[in-house]
Amino acid sequence: MQSTHDAMNPRIRADVAILGGGTAGAVVAARLVETTSLSVVVVEAGPDYGPFDGGRWPPELLDSATLPDTHDWGYQDAGLSLRRPLPLERARVIGGCSSHNGCSQTVGYGADYHRWGLSWSDAQLTSLMADSAARLRVRRYTDDELTPFQAAAMEAMILSEIPRTDDLDDLHGGVGCGPSPVNNPDGVRWNSAFAFLDPVRSEPRLRVVDHALVDRLELDGPVVRRARLRRGGEQVILEADRFILCGGAYGSPEMLLRSGIGPADDLKALGIAPRLDLPGVGRNLHDHPTVELRFAAGDRLVRQLTDYGRTRAVPDEQVIGKARSGSGSAPYDLHLLPWTSSEPDGWTCVFPVACLTPRSRGALRLVSADPQAKPVIDHRYLTDPEGADLAALRDGVDIYRRLVASPALAPLLGRPLDEFSAGPSTDDAGLRAASAHYWHPVGTCAIGPDPAAGAVVDTTGRVHGSDNLWVVDASVIPVIPRATTNLPVVALAEHLVRVLT
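Asker: I'd like a description of the overall build of the protein, backed by residues and values.
Answerer: For the protein, the helix and strand inventory stands at 13 helices and 24 strands. By its C-alpha atoms, the protein is 70 × 50 × 45 Å across when sized along the principal axes. In the protein, buried positions account for 60% of the 501 residues. Considering only intrachain contacts with a sequence separation of at least 6, the fraction spanning at least 24 residues in the protein is 71%. Total accessible area on the protein stands at roughly 18500 Å², and carbon and sulfur atoms take up 49% of it.

Right, dumping it as C-alpha cells:
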C-alpha cells in the first residue's frame, strides 16, 4: 500500500478500496485481508476509535442498554406520506449502525432470502447466519436477566396466544416470542469493527482512513480509476484496482449518483455528467414501518425498574414477538418489540409493532453534487395502493391493545401518553400519526439481472456496466427480510466477499 503527497493533493494507493467502514465494510475488509494478499484501504466518514481494547471508544457506543445518538448522520425522511419529517438515525463511525443499534439479532424467514437471486441454499444460509452470529458474539438473554417490564410483556404475549418458541435465530421458525439473541457480551455492544477489523488491525496491508467523506468516483468508460475524498479540509486522491461501496442504503446510492451513476436525466438536471445510466439507483427504498402505543409506567413498575436498576443496567429492548396479521403471508409478518426509556419525567413504556413485509416503496435523490448536502429521502411509508401495510399495522395495534389490557401488563402501566394510545380507534389518520420506522432501510442499489427493470448490481454485487465497482451492503437487498437487518447484512457481506475472492 502506498501513500504519497504531491503539490496539489495527497494520494493513496491500494489494491482494493472499501468506501464505508460500517457493518458490511468491516466484514469485507477483514475477509480480504484474511484470505488474500491484497492491500486494502477502508474509508470511513466518521471517526475510527481503534480496537476495543485500546480504550478510546466513547462509553455511549459501548453501552448496549440504550440507543446513542452522538454519531448520527442527521438524515431525515421528508415525511410526505406521514405529514411530518421523520429522523432516520444512521451512525457516522467505524462499525456503522452496528455501533449504535439495539443489539437484537434475528434471522427472519428463510424463504425471503431466496427471492434475492443469490446462489445460496438453506444449509449455506443457515451456516452463514450461525458463523456471523458467532463472530459477533451473539448470545441470548436468560429469563432472570429480563427487566420486570420485559418479563411482563413476554407473559402478556403468551397469554394472548403468541407461544414462547425461542426461535428468533431459526430461519424456519413461526409465530412465537422469546428473549432476543443479542450481540452484547458483558453489556458491550459488540460491533462489526470489533468482530472483524480488530483481529486484522496489525496487518500492514490494511489501512483505515477516517474522517474522510467520499466526494465522487472518477470513471474511464466502465473502469473506476480513482475516488476523490474530502478529509480535514483537503482533497485526497484514492487509487485502486477495485472499489467496493459499503455506505449503506443511503450512503452508497449517494456516492454512485455523485459519480454520474444513476438515472441520466436526473443527473443532468443537477449538472452531473452521466457515466452509467442506471435508473434504479436510489429507487426501491423501503423499510419496516412501525406504529407505537406509548404509556407512562405505573407506580408499581417504577418501583420494580428502580430495584432492578440498583444492581445492573436496564436495557431498552430484550423481548421480541412474531405475529401474523389477518391478511399477512405465512408464517408471520409482524414484529412486536416492546421497550422502555427513562425520560426526565419518568419511565415510558413503548409498544411498537413493525410490518415485516412492506409493499410501499420510496426513493432517495440528490439535490446537489456537493457531498455535504443531504439528499431528499422519501420512504413513502404506508402508501402501497392496496393499503396492505396499513392493514397489517392495524392488526398489530389490535394485538397490542389486547396485550396492554392483559393481567400481565395492565397493573404495571400508567396513563396513555397520546390520544392514539388511549384507543380504541385504529383509523388511517391515527396510524400515520403514531407511525415510525424500524431502522432497517434497504433496496436503493438492488440486486437483479436487468438494469432496465431497476437492478443496480448483479448477483456478485458488481455494478451493472462497470468492470471494477461493487456494492456490498443493505442497499443491494431487493426485498427486505423479516428480520432485524444487522445479522443478515453481515451474512450477505460474508457471502459476496467470497465471490470477490
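Having seen the model, we can carry on.
Asker: Just give me the short version of the packing of aromatic side chains, but keep the residues and values in it.
Answerer: Across all of its chains, the model carries 13 aromatic pairs by this definition. Both rings, one in tryptophan 116 and one in tryptophan 120, keep their centres 5.8 Å apart while their planes meet at 45 degrees; by these two values the pair is tilted. Tryptophan 120 matches tryptophan 116 in its accessibility class, with the two residues each being buried. Taken together, Tyr49, Phe52, Trp57, Trp190 and Phe194 form an aromatic cluster joined through their ring pairs. The residue whose ring lies beneath arginine 92 is tryptophan 73, and the NZ or CZ to ring-centre distance is 4.2 Å.

Asker: I'd like a description of the environment of arginine 482, backed by residues and values.
Answerer: Of note, arginine 482 is situated in the loop between strand E24 (469–471) and helix H13 (486–500). Residues within four places of arginine 482 in sequence aside, it is in contact with Gly108, Tyr109, Asp112, His288, Ser329, Ala330, Pro331, Tyr332, His335, Leu356 and Thr357. In this structure the side chain of arginine 482 is engaged in a polar contact, spanning 3.2 Å, whose partner is the backbone oxygen of alanine 330. A polar contact is formed between the side chain of arginine 482 and the backbone oxygen of tyrosine 332, at a distance of 2.9 Å.

Asker: I'd like a rundown of the packing of helix H1 (residues 23–35) against H13, residues and numbers included.
Answerer: Contact pair H1 / H13: the axes reach a minimum separation of 9 Å and the direction vectors enclose 30 degrees. The handedness of the crossing between H1 and H13 comes out as right-handed. Counted together, Thr23, Ala24, Val27, Val28, Arg31 and Leu32 of H1 and Asn486, Val489, Val490, Ala493, Glu494 and Val497 of H13 form the full contact between these two elements. Its residues assigned to classes, the contact of H1 with H13 shows eight nonpolar, two polar and two charged.

Asker: If you had to explain the pattern of salt bridges to someone new, which residues and values would you point to?
Answerer: By the definition in use, this model includes 27 salt bridges. Aspartate 169 is paired through a salt bridge with arginine 140; the nearest N and O atoms lie 3.1 Å apart. Of this pair, aspartate 169 sits in the loop between helix H5 (148–159) and strand E7 (176–179) while arginine 140 sits in strand E6 (residues 139–140), placing them 29 residues apart in sequence. Put simply, arginine 164 and aspartate 166 hold a salt bridge, and the shortest N to O gap is 3.0 Å.

Asker: If you had to explain the nonpolar core to someone new, which residues and values would you point to?
Answerer: Formed by 149 residues in total, the largest nonpolar core has its most connected members in Ile18, Leu19, Ile244, Leu256 and Phe351. When residues in this core are grouped by element, the largest group, nine residues, is from H13. Aside from chain neighbours lying at most four places away, what touches isoleucine 244 is Val16, Ala17, Ile18, Leu19, Val28, Leu32, Trp470, Val472 and Leu500. The next biggest cluster of nonpolar side chains, apart from the first, holds seven residues, and it includes Leu168, Tyr332, Leu337 and Tyr438.

Asker: Go over the packing of helix H4 (residues 122–135) against H13, please, and point to the residues and values.
Answerer: Where H4 meets H13, the closest approach of the two axes is 9 Å, and the angle between their N-to-C directions is 110 degrees. The orientation of H4 with respect to H13, classified from their angle, is roughly perpendicular. As H4 runs across H13, the sense of the crossing is right-handed. Taking contact as the criterion, the partners of Leu128, Met129, Ser132 and Ala133 in H4 are, on H13, Leu487, Pro488, Val490, Ala491, Glu494, His495 and Arg498. Each residue belonging to the contact of H4 with H13 can be placed in one class, and the counts come to seven nonpolar, two polar and two charged.

About the cut-offs
- Residues numbered from 1 in each chain as written.
- Predicted model: local features only at pLDDT ≥ 70, side-chain atom pairs only at ≥ 80, totals over all residues.
- Heavy atoms only, no water.
- Helix = DSSP H or I, 4+ residues; strand = E, 2+ residues; numbered from the N terminus.
- Buried < 20%, exposed > 50% of the residue type's maximum accessible area, 1.4 Å probe, protein only.
- Contact = heavy atoms within 4.5 Å.
- Areas by Shrake-Rupley, 256 points an atom, 1.4 Å probe, with all protein chains shown as cover.
- Phe/Tyr/Trp six-rings, centres within 6.5 Å; stacked < 30°, edge-to-face > 60°.
- Lys NZ or Arg CZ within 6 Å of the ring centre and 35° of its normal.
- Polar contact = N/O pair within 3.5 Å; in protein donor to acceptor, adjacent residues only side chain to side chain.
- Axes fitted to C-alpha atoms, helices over the stretch in contact; angles between N-to-C directions.
- Left-handed = near helix turned anticlockwise from the far one by under 90°.
- Nonpolar A, V, L, I, M, F, W, Y, C, P; charged D, E, K, R; others polar.
- Salt bridge = Lys/Arg side-chain N within 4 Å of Asp/Glu carboxyl O.
- Core = buried A, V, L, I, M, F, W, Y, C linked by side-chain atoms within 4.5 Å.
- Parallel < 35°, antiparallel > 145°, perpendicular 65-115°, else oblique.

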